[in-house]
Amino acid sequence: MAHLSKVKHSSGDWRRVKSDAVAVGIYEDLKISRQFQGVNRELGRGLTNALAANMLKGKESEVKIVVGKKGALAFVFGLGKKGELNPETLRKAGGGVAKACVANKVKSVCFILPVDGKEAYMSQAVAEGLILGSYQFNEFKTTDEDLFEMETATVVGGNQNAVKKGVAIANGVCLARDLDNRPGNVATPTHLAENAQAIGKSGAMKVTVFDREKFTKMGMGALAGVASGTKVPPKFILMEYWGGKKSAKPIVLVGKGLTFDSGGISIKPASRMDEMKYDMCGSGVVLGVMKVIAALSPKMNIVGIIPSTENMSGDKAYRPGDILKAYNGKTIEILNTDAEGRLILADGLSYATKHYDPKYILDFATLTGAVVVALGHVATGIMGTDAELIKNIKASSVKTGEKVWEFPLWVEFLKQVKSKIADVKNLGASGQAGSIAGGAFLKTFVGDDIPWCHFDIAGTAWGDKDLPYLNKGTATGEVIRLVVDLIGI
Ligand code: BES
Ligand code: MN
Ligand code: ZN
């Protein structure tokens, strides 16, 4: 596993913790956090020298290595302005320290939390940062002699349970990153189903997988249509966790598991088509959250649904002009086989509304290139049917630092996905509001009665966001932290 999977906690004296380095915070006023009292002689001189040389600025995201006597090592991380310390600064500090450990081949670190135990979320954020920052995707490297992995990290101070929660969440995010980063020939629908089964086993969940023959017979004509161009077996994956009261309505999570999107007959240009291995990141969110559920066994009911296939142009592939019938009986006119995500989600959402009485439904999908035009790699586009749910999502977004921005689902946009010859079409108005057209289409398969929100993560699931607890240009596992906070584990 190319990341830390455990973070220890200690409430004792940091000098008692066995580790190869200590990590300590410094504010912009260049005062070392007071939790680092009694600095030992080896490091004291190193720190004084670094300060005298003007090396340390205390800025957020800054991590500097300081060498004391006899090779004693300290990583000094910036805390920003005093009085403005927040969890995101500490998440970045944890990430930066872990990255510095990997870069300098330091096996273990003792991270001194610069705050007291009262604010649990600060402790959680550090644990998240340490694990996420240690993450590397190197499972396909066979000759790189420079590979190095951290072994342990210990958080000194703060709240032990919050550290445990942060560890569980970050491990869920790392699982999602692994699945997302794997290429289409490895992370196939079968691979996703196997991962769902493994998570289910570890967390008392019921996992059911429908194969092509079964889901076609059941009436999932939209998923079957998209899957018709590939011989790689498609899957419809269901994960059910009934940890709450029987009377409690389940929260349903639906994730786009498109393991490679060539565009199908409406084929994509060659340039950057490799990035379409990431088109299953929506399913990564669902599997990541379910892994967190398995680790923490909360008292709640939650269902994960993953329609999964490739989108290819084999001889049986679906065509522009075809009409498909979704699981809820609605007919869909296909105008572009590259707008396939909304089709497989149509069956996932229909299944959720038919078989459960959801408290609410969330879906996650790398659905449109248009969301990258609108929000770049900075924020996830969201849209939905329920003001209260959206309000809570925005609150969790602010708390977890995973940005979202709401788009409107006005009736004008719903009209744009109506078809002349079928119930709906899989495109909106040409060249207009592409991300909203995707959401408007999906709404047809949820209806008005169930609170629902669609997350278009095409810009945030991977890309060039620059953060110490991320590896630029690879999968992020974004919105898992937000969702775990929202569902209230
Ligand atoms: N998987 C893509 C969306 C995408 C594009 C994600 C680029 C990340 C980067 C999706 O299936 C797709 O192809 N969408 C089309 C929709 C269009 C045909 C209406 C798009 O965005 O171009
Ligand atoms: Mn597509
Ligand atoms: Zn796609």
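Undergrad: Whenever I open this one, the site of ligand 1 confuses me. Can you help?
TA: Near ligand 1 there are 16 residues, and of these Lys268, Asp279, Asp338, Glu340 and Gly369 occur at the shortest range. Side-chain polar atom of aspartate 338 to an oxygen atom of ligand 1: 2.8 Å apart, as the coordinates give it. Within the backbone of leucine 367, an N or O atom sits 3.4 Å from a nitrogen atom of ligand 1. Contact with the protein chains removes 77% of the 510 Å² of surface that ligand 1 exposes when unbound. Per-class residue counts for the shell around ligand 1 are five nonpolar, four polar and seven charged.

Undergrad: Could you clarify how one ought to interpret the domain arrangement of the protein chain in this entry?
TA: On domain assignment, one finds that the protein chain holds domain 1 (8-147) and domain 2 (171-487). Each of domain 1 and domain 2 was reduced to a C-alpha centroid, and the two centroids are 37 Å apart. With 18 residues of domain 1 at the interface, the matching set in domain 2 holds 17 residues. Interface area, domain 1 with domain 2, both sides summed: about 1600 Å², of which 61% is carbon and sulfur. Broken down residue by residue, the surface that domain 1 buries against domain 2 is led by Tyr121, Leu132 and Tyr135, which jointly contribute 39%. Linking domain 1 with domain 2 are two salt bridges. A salt bridge links glutamate 128 to arginine 481, with the shortest nitrogen-to-oxygen separation between them at 3.8 Å. Going through the elements one at a time, helix H2 (87-103) and helix H3 (120-134) are the ones with two or more residues in the side of domain 1 that touches domain 2. Looking at the side of domain 1 that touches domain 2 residue by residue, the classes come out as six nonpolar, six polar and six charged.

Undergrad: Honestly, the coordination of the zinc ion (ligand 3) in this entry has me stumped. Any pointers?
TA: Geometry sets the ideal angles at a metal, namely 109.5 degrees for four tetrahedral donors and 90 or 180 degrees for six octahedral donors. Surrounding the zinc ion (ligand 3) are the protein donor atoms Lys256 (NZ), Asp261 (OD), Asp279 (OD) and Glu340 (OE), at 2.0 to 2.4 Å. Of note is the zinc ion (ligand 3), whose six donor atoms meet at the metal with angles of 78 to 175° in an arrangement that counts as octahedral. The metal-metal distance between the zinc ion (ligand 3) and the manganese ion (ligand 2) comes to 3.1 Å, with aspartate 261 coordinating both. Of this pair, aspartate 261 sits in strand E10 (residues 257-261) while glutamate 340 sits in the loop between strand E13 (331-333) and helix H9 (341-355), placing them 79 residues apart in sequence. Neither residue differs from the other here; aspartate 261 and glutamate 340 are each classed as buried.

Undergrad: Teacher, can you tell me more about unusual backbone geometry here?
TA: Both trends apply: most residues other than glycine have a negative phi, and most peptide bonds are in trans. Even without glycine at this site, serine 61 takes up a positive phi of about 75°. Locating serine 61 in the fold gives a position in the loop between helix H1 (41-52) and strand E3 (63-67). Note on serine 61: relative accessible area 36%, which makes it partly exposed. Positioned with a positive phi, alanine 204 is a non-glycine residue whose angle comes to about 50°.

Undergrad: Looking at this model, I keep getting lost on helix H5 (residues 189-202). Mind explaining?
TA: Turn by turn, an α-helix covers 3.6 residues, leaving residues three or four places apart pointing in a common direction. For H5, which comprises 14 residues, the first-to-last C-alpha distance of 20 Å matches the rise-based estimate of 20 Å (1.5 Å per residue) to within 8%. Taken residue by residue, H5 has Pro189, His191, Leu192, Ala193, Asn195, Ala196, Ile199 and Gly200 as its buried positions. Following H5 by one or two positions, alanine 204 adopts a phi angle in the positive range, close to 50°.

Undergrad: Help me understand the sheet that holds strand E12 (residues 323-325), please; the structure alone is not making it clear to me.
TA: Hydrogen bonds between backbone groups are what pair the strands of a sheet, and the pairing can be parallel or antiparallel. One open sheet holds the three strands; their spatial order is E12-E13-E17, and the pairing between them is mixed. The sheet is open, and its two edges are formed by E12 and strand E17 (424-425), each paired on a single side. Pairing of E12 with E13 involves three bridges; the strand directions are antiparallel. Bridge pairing in E13 links leucine 324 to isoleucine 332.

Undergrad: I would appreciate a short explanation of the coordination of the manganese ion (ligand 2) in the present structure.
TA: Protein-derived ligands of the manganese ion (ligand 2) are Asp261 (OD), Asp338 (O), Asp338 (OD) and Glu340 (OE), with the metal-ligand distances lying across 2.1 to 2.2 Å. With six donor atoms in place around the manganese ion (ligand 2) and angles of 70 to 168° between them, the coordination shape is irregular. Along the chain, the residues that donate to the manganese ion (ligand 2) are spaced as D-x76-D-x1-E. Taking relative accessible area as the criterion, aspartate 338 reaches 22% and is therefore assigned partly exposed.

Conventions and cut-offs
- Residues numbered from 1 in each chain as written.
- Chains lettered and ligands numbered in written order.
- Predicted model: local features only at pLDDT ≥ 70, side-chain atom pairs only at ≥ 80, totals over all residues.
- Heavy atoms only, no water.
- Near = heavy atom within 4 Å.
- Polar contact = N/O pair within 3.5 Å; in protein donor to acceptor, adjacent residues only side chain to side chain.
- Areas by Shrake-Rupley, 256 points an atom, 1.4 Å probe, with all protein chains shown as cover.
- Nonpolar A, V, L, I, M, F, W, Y, C, P; charged D, E, K, R; others polar.
- Domains from an automatic or database assignment.
- Contact = heavy atoms within 4.5 Å.
- Buried area = accessible area lost by both parts, 1.4 Å probe.
- Salt bridge = Lys/Arg side-chain N within 4 Å of Asp/Glu carboxyl O.
- Helix = DSSP H or I, 4+ residues; strand = E, 2+ residues; numbered from the N terminus.
- Donors = N, O, S within 2.8 Å, 3.2 Å for Na, K, Ca; no water.
- Tetrahedral: all angles 85-135°; square planar, octahedral: opposite > 155°, others 65-115°.
- Buried < 20%, exposed > 50% of the residue type's maximum accessible area, 1.4 Å probe, protein only.
- Expected span 1.5 Å × (residues − 1).
- Pairing = 2+ DSSP bridges.

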